[in-house]
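If you want the building blocks of each chain, they are given just below.
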Amino acid sequence: MSHSTASTDTDPGAGAGTRTGEPLVRLSHVDKHFGDLHVLKDINLEVSAGEVVIVIGPSGSGKSTLCRAINRLEAIDSGEITVDGKVLPKEGRALAKLRADVGMVFQSFNLFAHKSVLQNVTLGPMRVRGASKKKAEERAMELLNRVGVGNQAHKLPAQLSGGQQQRVAIARALAMDPKVMLFDEPTSALDPEMINEVLDTMVSLAKAGMTMVVVTHEMGFARRAADRVVFMADGAIVEESTPEEFFTNPRSDRAKDFLGKVLGH
């Protein structure tokens, strides 16, 4: 992907302001309960700039909660989470500012139904980043073309397929020039024929150097795009390794059992 025309500050691989050697995202001894349920147990995880970390595991293992904790959609009980060396603020404007650096794509597309695709993508940069309408629209069109839906810019979300809407949601997150992108099962609400168009978009993002944390059930994608696979079960990280190592030689019985089920049918 050529970025020759783009200025460096819009390059997704730029990881704006990242200090070398310092992980871009760090979770230290993170714990979280929902009532009596211990959903995150002493989680320690570091994600370097430009790294693609894919989090997999059985349902109820804490994957989505982990993902949502990184931009404080879920508050944690104890431990610490830092993004680019800064501790996540509890609330208020500092949190909003930090959230702008952490793009998030969910299962549901969460687009504004009454706004056009273009308006959905320009809203954040204009409101949060203070971009002019002209600049926000130019950047939005560049991103919509990049994810393959530029020709849908003036339609409403309901006029698009699920796969197209999810690609708009990815463009919307990218429009904020985030330092890291979080994906929480971005294809699980899609029809099978639409899944690949979204995964292909994510693969091209990964290749362009975007730092990504992805919770997914798509094992083929994990194999293809991950720098590191993190396997969770019962709220804990059980093992982490390269995709090659994880899929061919998992160390834990939990991972062997899980892979036997998901790859064996």
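These numbers come from a predicted model, not from an experiment.

Caption draft 1: Summary view of the overall build of the protein. The secondary structure content of the protein amounts to 9 helices and 10 strands. The globule rule puts the C-alpha radius of gyration for 265 residues at 18 Å, and the 18 Å found for the protein is close to it. The dimensions of the protein, computed from C-alpha atoms along their principal axes, are 55 × 40 × 40 Å. Taking the average location of the 32 positive side-chain charges in the protein and that of its 33 negative ones, the two points are 6 Å from each other.

Caption draft 2: Quick peek at the sheet that holds strand E5 (residues 86-87). If you trace the 4 strands from one edge of the open sheet to the other, you get E2-E1-E4-E5, paired in antiparallel fashion. Two strands in the sheet have a free side with no partner beyond their single neighbour: strand E2 (37-47) and E5. Where helix H1 (residues 63-70) meets the sheet, it contacts strand E1 (25-34), E2 and strand E4 (78-83), and its direction lies at approximately 60° from that of E2.

Caption draft 3: Up close: the sheet that holds strand E9 (residues 228-233). Strand order in the open sheet formed by 6 strands is E6-E7-E8-E3-E9-E10, with mixed pairing between adjacent strands. Two strands in the sheet have a free side with no partner beyond their single neighbour: strand E6 (102-105) and strand E10 (236-241). Ignoring which end each strand starts from, the neighbouring axes of this sheet average 20° apart. Bridge analysis of strand E7 (residues 180-184) against strand E8 (residues 212-215) gives 4 bridges, and the strand direction is parallel.

Caption draft 4: Representation of helix H4 (residues 133-146). For H4, spanning 14 residues, the distance from its first C-alpha to its last is 20 Å, which sits close to the expected 20 Å at 1.5 Å a residue. All of the buried residues in H4 are Ala 136, Arg 139, Ala 140, Leu 143 and Leu 144. What you see down the axis of H4 is that its buried residues fit within an arc of 135°, all on one side. Looking at H4, the residues exposed on the side facing more than 90 degrees away from the buried face are Lys 134 and Lys 135. Close packing links the buried residues of H4 with helix H3 (117-127) and helix H5 (162-174). Gly 148, located one to two residues past H4, shows a positive phi value of around 85°.

Caption draft 5: Region of interest: the nonpolar core. Grouped together as the largest cluster of nonpolar side chains are 50 residues, with contacts concentrated most on Ile 56, Leu 144, Ile 170, Met 181, Phe 183, Met 202 and Met 212. The element best represented in this core is helix H6 (residues 192-207), accounting for 8 residues. Sequence-distant contacts of Met 202, defined by excluding residues within four places in its chain, comprise Ile 170, Phe 183, Pro 186, Met 212, Val 214 and Phe 221. Listed in part, the 28 residues of the second largest apolar core include Leu 24, Val 25, Leu 45 and Ile 76.

Caption draft 6: Here's a closer look at the packing of H4 against H5. Closest axis-to-axis distance for the H4/H5 pair is 9 Å, and the angle between their directions is 140°. On the basis of their axis angle, the class for H4 and H5 is oblique. The two elements H4 and H5 cross, and the hand of that crossing is right-handed. Listed contacts from H5 to Arg 139, Leu 143 and Leu 144 of H4 are Val 168, Ala 171 and Leu 174. Of the residues that constitute the contact of H4 with H5, the class distribution is 5 nonpolar, no polar and 1 charged.

Caption draft 7: Spatial organisation of the environment of Asn 145. Summarising the element assignment, Asn 145 is placed in helix H4. Judged by its relative accessible area of 49%, Asn 145 is partly exposed. Spatially, the C-alpha atoms of Asn 145 and Ala 171 are 9.2 Å apart, while their sequence positions differ by 26 residues.

Caption draft 8: Expanded view of the UniProt feature "domain: ABC transporter" (unreviewed entry) in the protein. Those residues carrying the UniProt feature "domain: ABC transporter" (unreviewed entry) are residues 25-259 in this numbering. The span residues 25-259 carries 39% helix and 25% strand; its end-to-end C-alpha distance comes to 27 Å.

Criteria and thresholds
- Residues numbered from 1 in each chain as written.
- Predicted model: local features only at pLDDT ≥ 70, side-chain atom pairs only at ≥ 80, totals over all residues.
- Heavy atoms only, no water.
- Helix = DSSP H or I, 4+ residues; strand = E, 2+ residues; numbered from the N terminus.
- Rg over C-alpha atoms; globule rule 2.2 N^0.38 Å.
- Lys, Arg positive; Asp, Glu negative; His and termini not counted.
- Charge placed at Lys NZ, Arg CZ, Asp CG, Glu CD.
- Pairing = 2+ DSSP bridges.
- Contact = heavy atoms within 4.5 Å.
- Axes fitted to C-alpha atoms, helices over the stretch in contact; angles between N-to-C directions.
- Expected span 1.5 Å × (residues − 1).
- Buried < 20%, exposed > 50% of the residue type's maximum accessible area, 1.4 Å probe, protein only.
- Arc of directions from axis to C-beta.
- Core = buried A, V, L, I, M, F, W, Y, C linked by side-chain atoms within 4.5 Å.
- Parallel < 35°, antiparallel > 145°, perpendicular 65-115°, else oblique.
- Left-handed = near helix turned anticlockwise from the far one by under 90°.
- Nonpolar A, V, L, I, M, F, W, Y, C, P; charged D, E, K, R; others polar.
- UniProt positions renumbered as here; feature names shortened; annotations may be inferred.

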